[in-house]
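Report on the structure
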Amino acid sequence: DIYYRPILLLIHRLTYQAGNGSAMAFHILSFALHLIATFLAYNVLRRLDLRPKTAAAATALFALHPLASEGIYWAASAGEILFQISLLATVLLSLLAQSGQPAKRTLCHLGAILSLICGLLSKETAVIIAAIVTLEAFRHTRKECISRLKASSPLWLVTFVYLWLRSRIVSTDIGELLPDGLQNIGQFGTGLIWYLKQFLLPYPLTSVHMLPLEASAWHLIMGLTVTASLLLAIVWCVLCRPGALFFSGWFFLPLLIALIPTLTSLDFVTGTPLAERYMYVSLVPWCALSVLLIEHLIVARFPSENRLRIGAFIGLTACLVAGSMSYSYGHAFRDDESFFQRAYAHAPENPHVLMWSGIIKKRQNQPLQALE
C-alpha cells in the first residue's frame, strides 16, 4: 500500500465499532469534522484581520458550499476534512504564537507542531501545511517576516522527518516532481482548468473526471499557458502583493498537489482521475476572497445606508443557494451504487469504475452482471 494514514484508519475503526458498521456513524463523523473545520475557519479568518461580519459570511459560505459535499457525504473523504482541520489549526496556532506571553507562545508553537503531525498521519498531502504557514509570513514587514519565517522552521523540520520516515515505512516517495514530456504538462493544464471551472460553476458537478490519455496540441497549449501564468502570478505576488501570495498559495497548493501524479515519471494507463474532494482544502481562501470582492463592490457602488441590507441579502441568498445545491449533490453519494453509476456515465471504460461496479453487483447477488 502506498498510503500511510494511521490516524485516519484509527478514526475509521473506532467509528465502525461505535456504529456497529452502520453508514450513519460515518455520516455523523464527517458532519462533526466539518463543523470543527468551520469553527476553525472563522477563527483563522478573524486572525487574518477580516472583520467579524466578513469572516462570518465567508465561513457560512464555506460551511454550505456544494464543493464541500463530497467530503461530507462520502466516508472515504474524511481524510480531506482531517487535513483541513490540521491546516486550519496549525495556521491558527502559528498566528496566536506571535502574540502574548512567552509561555503562551511556546504552547502555541508546540500545538502547531502537534497539529501538523496529526495532519501528516491523516493524509500525506498535509506536507503543504508548512508552506502555507510560511507564505503567511510574507504578509508582514521585513523584520516581522524574518521572525515568522524562523518560527515556521520547526514545521519544515517535522515535514522532512515525516517524508523520510514515510519512505522507510511504505518504501515509496510522495512523488518525483519531474515532468515526463510535454503530454503531462498538457494534462496538468487541463486538470487545473477543470478545477477552476468547478469553483466558478460548482453545479451540476461531475463525480469523476478523467484527464485525456493523450494530450492534444490544444491541451498542451492550455498546459503551458496555465503553468506560465502561475509562475508570473507568483512573481507578481512576491514583488507587489505579499498578502495575495498567502491567499493564492493557500488556494492553489492543494490543487497542485492533487495534480502531482500528472507530472511524475509514472506511466498512467487510464489517465489521472480528478474529484471535487481535492478542492475542499482550497474552499476557505476561495470563500474569503469571494466575500471580500463582493464587499468591495458593494462599498464602491452603494451608499452607506444601504450597504448592510444589500450585503445581508446577497449573503443569505448565496448561503441558501449553496445549501440547496449541496443537498441536491448529496444524492450522488447516498450509496456506492449511485456514485459509481454516475462515475460510469462519465468514464465507461475506466478500469477502476468497472471494478467497483462489479463488486457492487456481486454484493447484490448478481454474479453474471458482475462478470459483465
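The rules behind these values
Within each chain, residues carry numbers counting from 1 in the order of the written sequence. Selection of residues for local features in this predicted model requires a pLDDT of at least 70, selection of side-chain atom pairs for listing and counting requires 80 or more, and totals for whole chains, interfaces and linings are taken over all residues. Hydrogens and waters are ignored; side-chain quantities use all the structure's heavy atoms. Comment: elements are numbered from the N terminus, with helices defined as DSSP H or I runs of at least four residues and strands as E runs of at least two. Whether two residues are in contact is decided by their heavy atoms: any pair within 4.5 Å suffices. Shrake-Rupley sampling with a 1.4 Å probe provides the accessible areas, and residues are treated as covered by the protein chains on show and by no other component. Should a side-chain nitrogen of Lys or Arg be within 4 Å of a carboxyl oxygen of Asp or Glu, the pair is scored as a salt bridge. Think of it in three bands: residues with accessible area under 20% of the maximum for their type are buried, residues over 50% are exposed, and the middle band is partly exposed, with areas taken using a 1.4 Å probe on protein chains only. Here the nonpolar core consists of buried residues drawn from Ala, Val, Leu, Ile, Met, Phe, Trp, Tyr and Cys, with membership extended through side-chain atoms lying within 4.5 Å. Here is the rule: rings of Phe, Tyr and Trp (six-membered ring for Trp) pair when centre to centre is within 6.5 Å. Planes less than 30 degrees apart are stacked, more than 60 are edge-to-face, and the remainder are tilted. Axis definition: a line fitted to C-alpha atoms, limited for helices to the stretch in contact. Angles are taken between N-to-C directions and run from 0 to 180 degrees. Relative orientations are named as follows: roughly parallel for angles under 35 degrees, roughly antiparallel for angles over 145 degrees, roughly perpendicular for angles from 65 to 115 degrees, and oblique for any other angle. Note: crossing handedness is left-handed where the near helix turns anticlockwise from the far helix by less than a right angle, and right-handed where it turns clockwise. Patches in this entry comprise residues that are over 30% relatively accessible and not in a salt bridge; like charges within 9 Å are linked, as are nonpolar side chains (Val, Leu, Ile, Met, Phe, Trp, Tyr) within 5 Å. What a helix should span is 1.5 Å times the count of its residues minus one. N or O atoms closer than or at 3.5 Å make up a polar contact, with two conditions inside protein: a donor-capable atom paired with an acceptor-capable one, and, for residues adjacent in sequence, both atoms drawn from side chains.

Brief notes about the overall build of the protein
- In terms of regular secondary structure, the protein is built from 16 helices and two strands.
- Expressed as a percentage of contacts within the protein between residues at least 6 apart in sequence, the contacts between residues at least 24 apart total 77%.
- Total accessible area computed for the protein in this model is approximately 19600 Å², and 68% of it derives from carbon and sulfur atoms.

As for unusual backbone geometry
- Positive phi values are uncommon outside glycine, yet N20 reaches one of about 55 degrees.
- Within the element layout of this structure, N20 appears in the loop between α1 (6–18) and α2 (23–47).
- Despite not being glycine, D49 has its phi angle at roughly 75 degrees, a positive value.
- Mapped onto the fold, D49 is located in the loop between α2 and α3 (52–64).

What about the environment of V44?
- Inspection of the secondary structure puts V44 in helix α2.
- Along the primary structure V44 and A89 are separated by 45 residues, whereas in three dimensions their C-alpha atoms are 8.2 Å apart.
- Here V44 is in contact with L88, V91, L92, L95 and W250, once residues within four sequence places are set aside.

Notes on the pattern of salt bridges
- Counting across every chain of the model gives seven salt bridges.
- A salt bridge links E124 to R5; the shortest N-O distance between them is 2.5 Å. Placement of E124 in the loop between α6 (102–120) and α7 (129–137) and of R5 in the segment before α1 is noted, with a sequence separation of 119 residues between them.
- A salt bridge links E295 to R51; its shortest N-O distance comes to 2.6 Å. Taken together, the residues E295 in helix α12 (residues 283–301) and R51 in the loop between α2 and α3 connect sequence positions 244 residues apart.
- For R51, a relative accessible area of 54% corresponds to the exposed category.
- Linked by salt bridges that have partners in common, D49, E136, R139, E144 and R148 make up one network.

Let's talk about the nonpolar core
- Counting 73 residues, the largest nonpolar core has L48, F62, L88, Y195 and W250 as the members making the most contacts within it.
- Looking at which element gives the most residues to this core, the answer is helix α5 (residues 78–96), with 12 residues.
- Leaving out residues up to four positions away in the same chain, W250 has contacts with V44, L48, L87, L88, I132, V281, S282, V284 and P285.

Some words on the packing of aromatic side chains
- The tally for this structure, following the rule as stated, stands at 10 aromatic pairs.
- When the centroid spacing of 5.7 Å and the interplanar angle of 45 degrees are considered together, the rings of F62 and Y280 count as tilted. Pair noted here: F62 is in helix α3 and Y280 is in the loop between β2 (273–274) and α12, with a separation of 218 residues, a long-range link. Of the two residues, F62 and Y280, neither departs from the other in class, the shared state being buried.
- Centroid distance F246 to W250: 5.6 Å. Interplanar angle 45 degrees. Geometry classified as tilted. On the criterion of helical spacing, the pair formed by F246 and W250 is a turn pair, its members being four residues apart in helix α11 (residues 242–258). Pair check on accessibility: F246 and W250 agree, each one buried.
- Chaining the aromatic ring pairs together yields one cluster made of F199, F251, F252 and W286.

Observations regarding α7
- Within α7, nine of the nine residues are buried, leaving the element largely enclosed by the surrounding structure.
- Among the residues of α7, those classed as buried are I129, A130, A131, I132, V133, T134, L135, E136 and A137.

Structural notes on the packing of α3 against α12
- Closest axis-to-axis distance for the α3/α12 pair is 8 Å, and the angle between their directions is 130 degrees. Classified by the angle between their axes, α3 and α12 sit oblique to one another. You can see that α3 and α12 cross each other, and the crossing is right-handed. Of α12, the residues touching α3 (which contributes T54, A57, A58, L61 and F62) are L283, V284, C287, A288, V291, L292 and E295.

Some thoughts on a nonpolar patch on the surface
- Residues L157, V161, W164, L165 and I169 make up a contiguous nonpolar surface patch of roughly 500 Å² in combined accessible area.
- By the element assignment, I169 lies in helix α8 (residues 142–170).
- Exposure remark for I169: the relative accessible area of 47% places this residue in the partly exposed category.

Structural notes on helix α10 (residues 217–239)
- For α10, which comprises 23 residues, the first-to-last C-alpha distance of 33 Å matches the rise-based estimate of 33 Å (1.5 Å per residue) to within 8%.
- What α10 keeps buried is the set H219, M222, G223, V226, L230 and C237.

Looking at the side chain of S86
- Mapped onto the elements, S86 comes out in helix α5.
- For S86, a relative accessible area of 4% gives the class buried.
- Here S115 takes part through its backbone oxygen, which lies 2.6 Å from a polar atom of the side chain of S86.
- Ignoring any residue separated from it by four or fewer positions in sequence, one finds S86 in contact with S115, L116, G119 and I129.

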